[in-house]
Amino acid sequence: MAGESFFGQDPTHDEQGGIPADLIPYLEAADEVEDTEAGESVDPQAEESEREAALRALVENSLLLGPDPSVLAEIEGEVDEDFADDAAEACDERASHEAALAKAEDEVALDTRVQEIYQSIVARAPEHDIDPTLDRVKLALDILGDPQNSYPSIHITGTNGKTSTSRMIDSLLSAFGMKTGRFTSPHLLDVRERISLEGHPITREGFVRAWEDIAPYVGMVDERSQEEGGPRLSFFEVFTIMAYAAFADYPVDAAVVEVGMGGRWDATNVIDAGVSVITPIALDHTKWLGSTIEEIAHEKAGIIKPGQVVVIMAQEEEVLDILLEQARAVDAIARVEGRDFEVMDRQMGVGGQMVTIRTPSAVYEDVFVPLFGQYQAHNAAAALVAVEAFMGGRGLDGRIVEQGLMNASSPGRMQVVRHSPTIIVDAAHNPAGAATLREAVESSFAFARIAGVYAAMGDKDVEGVLSEVEPFIDHLVVTQMPGERAADVARLAEIAGEVFGPDRVDVRESLADAVDRAAEIAEAGAEPADRSGVLVFGSVMLAGEMLALAGHSPR
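All of these numbers come straight from a predicted model, not from anything done at the bench. (Residues numbered from 1 in each chain as written. Predicted model: local features only at pLDDT ≥ 70, side-chain atom pairs only at ≥ 80, totals over all residues. Heavy atoms only, no water.)

**Brief notes about unusual backbone geometry**
- A cis amide bond links Ser185 to the next residue, Pro186, at an omega of -10°.
- Inspection of the secondary structure puts Pro186 in the loop between strand E4 (180-183) and strand E5 (195-197).
- A cis amide bond links Tyr250 to the next residue, Pro251, at an omega of -10°.
- Tracing the backbone shows Pro251 in the loop between helix H8 (235-249) and strand E7 (254-258).
- In this model, Asp366 sits at a positive phi of 50°, which is unusual for a non-glycine residue.
- Looking at the element boundaries, Asp366 is found in strand E13 (residues 363-369).
- The class of Asp366 is partly exposed, set by a relative accessible area of 47%. (Helix = DSSP H or I, 4+ residues; strand = E, 2+ residues; numbered from the N terminus. Buried < 20%, exposed > 50% of the residue type's maximum accessible area, 1.4 Å probe, protein only.)

Written out as C-alpha cells, the structure is:
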C-alpha cells in the first residue's frame, strides 16, 4: 500500500529498487560471498557460517521490521499466556463434555437396569395378592442375617393417610439428626420412591445393588417354596426384603415402614417395631381384607406388638374397641386421639396451615404444616406423638419440631401443580378419602367453580367415591388410565352419569385432553380465573400421571 511498508510501519528510510536502505549493507555482505572469484578455493563450512551470521544479524537487529514476537517466542521456547489460557480452557471444556457424555451413558444404562429389575419383580404375584403367611419373607431375611433387626422402626397401617403420616414422621426424625429409611407404597412415578434414604428415593446404583444383594437368596426361597407346592415370593414381598436389606446396608438410624395392605399378613409385619401408628380405618380392599369394617380392623390390629407404643388416630367406636382389645392382649401402650393427644387449634395459612397440638408430653403451639386439609393436621399430630414415643416419651424441642414439620411434603396429596386455573392433584380413591378431600378443598380454597378429572382402578367403589364429591364438583371429566387393573372409561362414564347427571359429565380418552377440557369448563363460569379450580383425583396412578404431565417430580 502506498506510503506504508508491508509490515505496517512508516518508511523513514531511503529505498533502492524497493529494498529498504538499512538492509542493503547486509545483503551486499551476503552477495560478496557469492561473488568470490572463479577458481578460488572456498571453505564450504566458512561460507555456511557467514550466511548464518548474516541471517542472524537480520533477525537480531529487527531488520525484518519486527522482530515478529510469535516467531521469537517459538525460537526462544516462550508461549503467549492468553493463548495458553484459551487452549487450557478448550481442553477443560472438551474433557467436561466427554465426562458429561459418559455420565449420561451410565445413567441410561442404570435406568435400563432398574427397569429390567422392576419388570422382573412385577412379573411375580401382585402386591394386593395376599397369601396369609410370613414364612417366605422370614426365611429370606433369616438367610440375609435378619437386617430388619439392625435398626429401630416405626410401623404404620390404616386405610387413609398412611403415606402422609409416614413422610411427616420421616421429616421429624431427620430434623433431629437421624439418618432415616422410609418404605411406602405404591409409587407415583418411579419405583425407587418406595425405598427412601434420608428423604430421597434410593439411587439407581443403590437400587441395583439392593436387588443383586438379595437376588440369590430370593431364588433359594422361591425354589424351596415351589418344591413344597407354594408360590414364589410376591412382588411386594421382594420389595419389602429389598428395603430392609438396603436400610441395613446404608445404614439407617431409624426405619419408617408403611404396610402394603392390611397388617397381620402384610410382608412388612416381620419387624419388631417399638412404635406403631394406626390411621383412620374404613372400608377398602374388601376383596382381600374383609367385607366389614370390623374384619378390616382385626387385620390391621395385627401390627400391634408386645410392649410397644401404639398411636391410634380417630376411629369409629367399634374399630377403636378392637384396636384397644389387641393392645391390652399384648400389653402395648395405647395413645388414643381425643384422649391422649389432639389438634387444639388450626388456622389456614399461605401454603398450608398453622396448628397447635397437644401430646402426652407437651403442647406445641402454632406449628406450620405445609399441607392442606384438616386431615393433614391430624396426621401431623399422630406423627408427632409417634416421634415422641420413639425418642423416649419426653417432650421435644419445639424449634426442631417446627423445622421437621415445615420440611414435610406429601406429593399427590392435595398438591397444587398449577395456577390460573388452580389444578390440584389428590390420590383419594375410596369414599372415606373422597370425604376428606371434600373438606380439604372447601376449607382451603374459595373456588367459585370446580371441574373434576377422575379415573379409578377396577376394584374401587366408584359410585361411593363420586357420591362424596358430587355436591361440590360442578362438572366431571372421566378418563382412561393404563393398565389391566384400571376401570374401563365407558363404565366410569356410565356410573358418573348416574351420580352427576349426563349433562355434567364429559369423557376424554387421554389425561391431557381431560385436564384441558376440565380447565375450559372451570374457567368458563368463574371470574376471576383464580377462583376456578380443577381437581384430579381417583387413584395414586392417576396422581402420578398428572405430576408427570405437570412436570413435577416427587421427592
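**A closer look at the nonpolar core**
- Within the largest apolar cluster, 41 residues are counted, with the highest numbers of intra-cluster contacts made by Phe239, Met242 and Phe247.
- The element best represented in this core is H8, accounting for 11 residues.
- Once you skip the residues sitting within four places of it in the chain, Phe247 turns out to touch Tyr151, Gly181, Arg182, Phe183, Ile195, Ser196, Leu197, Val252 and Ala255.
- Core analysis: the second largest hydrophobic core is formed by 36 residues, Val256, Val311, Val385 and Leu405 among them. (Core = buried A, V, L, I, M, F, W, Y, C linked by side-chain atoms within 4.5 Å. Contact = heavy atoms within 4.5 Å.)

**Looking at the pattern of salt bridges**
- On inspection of all chains with the given rule, the structure shows 17 salt bridges.
- For Asp249, the salt bridge is made with Arg209, and the minimal N-O distance between the two is 3.7 Å. Remark: Arg209 occurs in helix H7 (residues 204-227) and Asp249 occurs in helix H8; sequence separation between them is 40 residues.
- Two residues, Glu342 and Arg358, come together in a salt bridge whose shortest N-O distance is 3.0 Å. Here Arg358 lies in strand E12 (residues 352-358) and Glu342 lies in strand E11 (residues 342-349), a separation of 16 residues in the sequence.
- Salt bridges linked by common partners bring Arg113, Glu116 and Glu212 together as one network. (Salt bridge = Lys/Arg side-chain N within 4 Å of Asp/Glu carboxyl O.)

**As for the packing of helix H10 (residues 293-300) against helix H11 (residues 317-329)**
- Across the interface, H10 lies against H11 with an axial gap of 9 Å and an inter-helix angle of 30°. When the axis of H10 is compared with that of H11, the two are roughly parallel. Here the hand of the crossing between H10 and H11 comes out right-handed. Packed against H10, whose contacting residues are Ile293, Glu294, Ala297 and His298, the element H11 presents Glu318, Val319, Ile322 and Leu323 at the interface.
- In the contact of H10 with H11, the residues fall into five nonpolar, one polar and two charged. (Axes fitted to C-alpha atoms, helices over the stretch in contact; angles between N-to-C directions. Parallel < 35°, antiparallel > 145°, perpendicular 65-115°, else oblique. Left-handed = near helix turned anticlockwise from the far one by under 90°. Nonpolar A, V, L, I, M, F, W, Y, C, P; charged D, E, K, R; others polar.)

**Side note on empty space enclosed by the protein**
- The tally for this structure, following the rule as stated, stands at one cavity of 30 Å³ or more.
- Roughly 160 Å³ of internal volume is contained in the largest cavity.
- In terms of lining residues, the largest cavity is bounded by 18 residues, among which Arg167, Arg182, Thr184, Leu188 and Glu193 are the most central.
- Looking at the lining of the largest cavity, the elements with two or more residues in it are helix H6 (162-175) and strand E6 (200-201). (1 Å grid on protein atoms, 1.4 Å probe; cavity = no way out; pocket = protein on both sides within 12 Å on 5 of 7 lines; lining within 4 Å. Points joined across faces, edges and corners; volume = space filled by probe spheres on them.)

**Focus on helix H17 (residues 511-524)**
- Between its first and last C-alpha atoms H17 spans 20 Å; for 14 residues at 1.5 Å apiece the expected length is 20 Å, and the two agree.
- Contact partners of the buried residues in H17: strand E15 (422-425), strand E16 (449-454), strand E17 (475-479), strand E18 (505-508), strand E19 (532-537) and helix H18 (540-549). (Expected span 1.5 Å × (residues − 1).)

**Side note on a negative patch on the surface**
- The grouping of Glu294, Glu295, Glu316, Glu317, Glu318, Asp321 and Glu325 at the surface amounts to a negative patch.
- Every element with two or more residues in the negative patch is listed here: H10 and H11.
- At four residues, H11 tops the list of elements feeding residues into the negative patch.
- Considering the arrangement of structural elements, one finds Glu295 in helix H10.
- With a relative accessible area of 38%, Glu295 lands in the partly exposed category. (Patch = residues over 30% accessible without salt bridge, like charges linked within 9 Å, V, L, I, M, F, W, Y side chains within 5 Å. Areas by Shrake-Rupley, 256 points an atom, 1.4 Å probe, with all protein chains shown as cover. Lys, Arg positive; Asp, Glu negative; His and termini not counted. Charge placed at Lys NZ, Arg CZ, Asp CG, Glu CD.)

**Quick word on the packing of H6 against helix H13 (residues 398-406)**
- Where H6 contacts H13, the axes come no closer than 8 Å and their chain directions differ by 135°. In this view, H6 runs oblique relative to H13, as classed from their interaxial angle. Here the hand of the crossing between H6 and H13 comes out right-handed. Across the interface between the two elements, Met168, Ser171, Leu172 and Ala175 from H6 touch Ile400, Val401, Gly404 and Leu405 from H13.
- Split by residue class, the contact of H6 with H13 holds six nonpolar, two polar and no charged.

**Considering the packing of aromatic side chains**
- Taken as a whole and judged by the stated rule, the model has eight aromatic pairs.
- Residues Phe372 and Phe445 carry aromatic rings whose centres are separated by 5.1 Å and whose planes lie at 50° to one another, so their mutual orientation is tilted. In this pair, Phe372 is assigned in the loop between E13 and helix H12 (374-390) and Phe445 in the loop between helix H14 (431-444) and E16, connecting sequence segments 73 residues apart. Considered together, Phe372 and Phe445 belong to a single accessibility category, that of buried residues.
- An aromatic cluster of three or more residues is present, and its members are Tyr118, Phe207, Phe235 and Phe239.
- Across from the ring centre of Phe239, 5.5 Å away, lies the NZ or CZ of Arg194, which sits over that ring. (Phe/Tyr/Trp six-rings, centres within 6.5 Å; stacked < 30°, edge-to-face > 60°. Lys NZ or Arg CZ within 6 Å of the ring centre and 35° of its normal.)

**Here we look at the sheet that holds E6**
- The eight strands are arranged E6-E5-E4-E7-E3-E8-E9-E10 in an open sheet whose pairing can be described as mixed. Strands with a single pairing partner mark the edges of an open sheet, and in this sheet they are E6 and strand E10 (333-336).
- Of the pairings in the sheet, the one linking strand E9 (residues 309-312) to E10 comprises four bridges and is parallel in character. When the sheet's bridge partners are listed, Val310 is paired in E10 with Ala334. (Pairing = 2+ DSSP bridges.)

**Focus on the pairing of E7**
- Along E7, five of the five residues are buried, which leaves the element largely enclosed by surrounding structure.
- Here E7 shows two buried faces, one formed by Ala254, Val256 and Glu258 and the other by Ala255 and Val257.
- Of the pairings in the sheet, the one linking strand E3 (residues 153-157) to E7 comprises four bridges and is parallel in character. Of the residues in E7, the one forming a bridge with Ser153 is Ala255.
- Sheet analysis places E4 next to E7, joined by four bridges and oriented parallel. Within E7, the position partnered with Gly181 by the bridge is Ala255.

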